[in-house]
Amino acid sequence: MRMFDAVIRNLPFLMGGFWITVKLTSFALLGGIPLGILVGLGRISKKKWVYYPVTFYVNLIRNIPLILVIFWFYFVMPIIIGHPLDPFPSAVISFIIFEATYFGEILRAGYQSVSKGQIEAGYSTGLNYIQTTRYILIPIAIRRMLPSMITQSIVTYQDTCLAFVIGLPEFVRRTTIVDNLEVRSIQLFGFVAILFLITCYISSVVSRRFEVKRERGY
Amino acid sequence: MIEIRDLSKWYGNFQVLRNINEEIKQGQTVVVCGPSGSGKSTLLRCINGLEPFQEGEIIVDGVSVNDPSTNLYKLRTEIGMVFQRFELYPHMTALQNITLAPMKVRKKSKKEAEAKAMELLQRVGIPEKAHEYPANLSGGQQQRVAIARSLAMEPKIMMFDEPTSALDPEMIKEVLDVMIDLSKGGMTMIVVTHEMGFAREVADEIIFMDEGRIIERGTDISFFKNPKNPRTKDFLDKILL
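Residues numbered from 1 in each chain as written. Chains lettered and ligands numbered in written order. Predicted model: local features only at pLDDT ≥ 70, side-chain atom pairs only at ≥ 80, totals over all residues. Heavy atoms only, no water.

Q: If you had to explain the overall build of chain B to someone new, which residues and values would you point to?
A: The number of helices and strands found in chain B is nine helices and 10 strands. For a compact globule of 241 residues, the expected C-alpha radius of gyration is about 18 Å, and chain B comes in at 18 Å, within 12% of that figure. A principal-axis box enclosing the C-alpha atoms of chain B has dimensions of 55 × 45 × 30 Å. The 241 residues of chain B split such that 56% are buried. Excluding contacts between residues fewer than 6 apart, the proportion of contacts in chain B whose partners are at least 24 apart in sequence is 65%. Per element, the accessible surface of chain B, about 10,600 Å² overall, is 46% carbon and sulfur. Side-chain charges of chain B comprise 31 positive and 34 negative groups, with the mean position of each set lying 3 Å from the other. (Helix = DSSP H or I, 4+ residues; strand = E, 2+ residues; numbered from the N terminus. Rg over C-alpha atoms; globule rule 2.2 N^0.38 Å. Buried < 20%, exposed > 50% of the residue type's maximum accessible area, 1.4 Å probe, protein only. Contact = heavy atoms within 4.5 Å. Areas by Shrake-Rupley, 256 points an atom, 1.4 Å probe, with all protein chains shown as cover. Lys, Arg positive; Asp, Glu negative; His and termini not counted. Charge placed at Lys NZ, Arg CZ, Asp CG, Glu CD.)

Q: Provide a residue-level description of the pattern of salt bridges, including the pertinent values.
A: Tallying each qualifying case throughout the model produces 21 salt bridges over all chains. Taking the shortest distance from any N to any O, the salt bridge between Glu-51 of chain B and Lys-9 of chain B comes out at 3.5 Å. Residue Glu-51 of chain B is found in the loop between helix H1 (40–47) and strand E4 (55–60), and its partner Lys-9 of chain B is found in strand E1 (residues 2–11); the two are separated by 42 residues along the sequence. An identical accessibility class is assigned to Glu-51 of chain B and Lys-9 of chain B; each is buried. Among the salt bridges present, the one from Lys-156 of chain B reaches Asp-61 of chain B, with a minimum N-O distance of 2.7 Å. Of the two residues, Lys-156 of chain B sits in the loop between helix H5 (139–151) and strand E7 (157–161) while Asp-61 of chain B sits in the loop between E4 and strand E5 (63–64), which places them 95 residues apart along the sequence. What makes Lys-156 of chain B partly exposed here is its relative accessible area of 36%. Salt bridges sharing common partners tie together Lys-116 and Glu-120 of chain A together with Lys-9, Arg-45 and Glu-51 of chain B. (Salt bridge = Lys/Arg side-chain N within 4 Å of Asp/Glu carboxyl O.)

Q: Can you explain the packing of H5 of chain B against helix H6 (residues 169–184) of chain B? Please cite residues and give values.
A: Residues and elements named next belong to chain B. One way to put it is that H5 packs onto H6 with a least axis distance of 8 Å and a crossing angle of 20°. Classified by the angle between their axes, H5 and H6 sit roughly parallel to one another. Crossing of H5 against H6: the hand is right-handed. Of H6, the residues touching H5 (which contributes Gly-139, Gly-140, Gln-141, Gln-143, Arg-144, Ile-147 and Leu-151) are Met-171, Glu-174, Val-175, Val-178, Met-179 and Leu-182. Of the residues assigned to the contact of H5 with H6, the class counts are seven nonpolar, four polar and two charged. (Axes fitted to C-alpha atoms, helices over the stretch in contact; angles between N-to-C directions. Parallel < 35°, antiparallel > 145°, perpendicular 65-115°, else oblique. Left-handed = near helix turned anticlockwise from the far one by under 90°. Nonpolar A, V, L, I, M, F, W, Y, C, P; charged D, E, K, R; others polar.)

Q: Which residues make up the interface of chain A and chain B, and what are the values?
A: At the interface, 23 residues of chain A touch 24 residues of chain B. Both faces considered, chain A and chain B share a buried interface measuring about 2,000 Å² in area, 63% of it formed by carbon and sulfur atoms. Joining chain A to chain B, the criterion identifies eight residue pairs in polar contact (both at pLDDT 80 or more). Mapped onto the side of chain A that touches chain B, the elements with two or more residues apiece are helix H6 (116–124) and helix H7 (129–159) of chain A. (Buried area = accessible area lost by both parts, 1.4 Å probe. Polar contact = N/O pair within 3.5 Å; in protein donor to acceptor, adjacent residues only side chain to side chain.)

Q: Could you give an account of unusual backbone geometry, naming the residues involved and the relevant values?
A: All names here are of chain B. In this model, Lys-107 sits at a positive phi of 60°, which is unusual for a non-glycine residue. Structurally, the position occupied by Lys-107 is in the loop between helix H3 (94–104) and helix H4 (110–123). We note that Glu-211 has phi near 50°; this positive angle belongs to a residue other than glycine. Inspection of the secondary structure assignment puts Glu-211 in the loop between strand E9 (205–210) and strand E10 (213–218).

Q: Quick one: what's the story with empty space enclosed by the protein, residue by residue and with numbers?
A: Residue and element names in this part refer to chain B. The full count for this structure, using the stated rule, is one cavity of 30 Å³ or more. Its boundaries defined by the atoms lining it, the largest cavity holds a volume of some 40 Å³. Arg-123, Val-124, Leu-151, Val-178, Asp-181 and Leu-182 are the residues that line the largest cavity. Here the lining of the largest cavity is built from residues that sort into four nonpolar, no polar and two charged. (1 Å grid on protein atoms, 1.4 Å probe; cavity = no way out; pocket = protein on both sides within 12 Å on 5 of 7 lines; lining within 4 Å. Points joined across faces, edges and corners; volume = space filled by probe spheres on them.)

Q: Can you tell me about the confidence of the model for chain A, naming the residues and giving the values?
A: Counting all residues, the mean pLDDT for chain A is 91, and 96% of those residues have values of 70 or more. Model confidence for chain A, summarised as mean pLDDT per element, is weakest for helix H1 (residues 5–9) of chain A at 87 and strongest for helix H3 (residues 48–62) of chain A at 96. (pLDDT = per-residue confidence, 0-100.)

Q: Tell me about the environment of Glu-87 of chain B, residues and numbers included.
A: Examined against the element boundaries, Glu-87 of chain B turns out to sit in the loop between strand E6 (79–82) and H3. Among the residues examined, Glu-87 of chain B registers a relative accessible area of 13% and is labelled buried. Taking the C-alpha atoms as reference, Glu-87 of chain B lies 35 Å from Asn-229 of chain B; in sequence the two are 142 residues apart. A distance of 2.8 Å separates the side chain of Glu-87 of chain B from the side chain of Ser-115 of chain A, its partner in a polar contact.

Right under this line is the structure:
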């Protein structure tokens, strides 16, 4: 086991970092997807006071690198709210703001693929806007866009590494700390790569099983 | 039941409906025909408020459709609508398609809504398809589920927008039979269709529309034999072959 001696010696510390990565990913998705559902609705809204602000937000964020969003949020928020934020909540909020725009655009495409007639069928049975949106538009769009949404979720998971720039002791950050002490870069970062590879691969296999459901024809 | 007075509608500068006047009494079946682009579908969509209109008035069961104080959602529960392309919700089974509105709008219990849905599926002849998804149903079966979905709200009026135009010939009859049944059962119906056999059998009135106007109306067979307008004759020659 000499090959992985430094990893084994520091395993609890490294896995603690991995756990932070998993938590950050989960919060980013739990916030980013629901917000993305609303952002997507805003992007197809006929109400100008909804459409323009949402579109501005989406275009702004999507044209800024994620690392800058994380930085900017971490350094600017204390000026606005008057006290510094912890890296973890700051990273979670940055990721939610960032990912919601990507999920929003994926879902906008999904909403636009739903036939106008299916929505009108809902209205013609007396359902209101919220009901047709909730029971018809959103479920159809999510089912159709599931493969893209899973891909985006995997990207989010990989992107969480960027939170190291604000000192969040996540997986990669902790590995760097260990490497500074142990000087075993190849095995340490090799271990990080393998763990990412395995978890991402499992997620994509699971997502392909979801796609089988699409045989129902939506 | 439905009163349409001097109805006019524009899309931008283009006038789609011109001075439509029509009265439909309870229990009547009115067939609307005419070339595509003549405003037939738009007329139906104005009646249940899916499309706004600029001039005139539509009164459904005593309620003015374009009165800003009218609750359109409530009005639409009284008017069933069946579409050319069925428009079933693809992520729901036939049964779920039918029970959605009764449960969410009428606040019926799942059990009650499902019992009613099964009764309706029985009536349209496909109770065994209750748990199938639309993708696994033929066009004719999908359209019958769509009819059952509308009927589940127990509407006072049923509107059909070319319900058989997207169907293969062998499936047209199964849908028409359901509609004939409904009409004979006393439902107030407006049907946009070119199925003249259906019109002959159940129509109380046949309206012919062209360029947004009603240019001909007749109570039954007379309409086919001696159309007054050359456009009508031309059109009937085409569809009757």
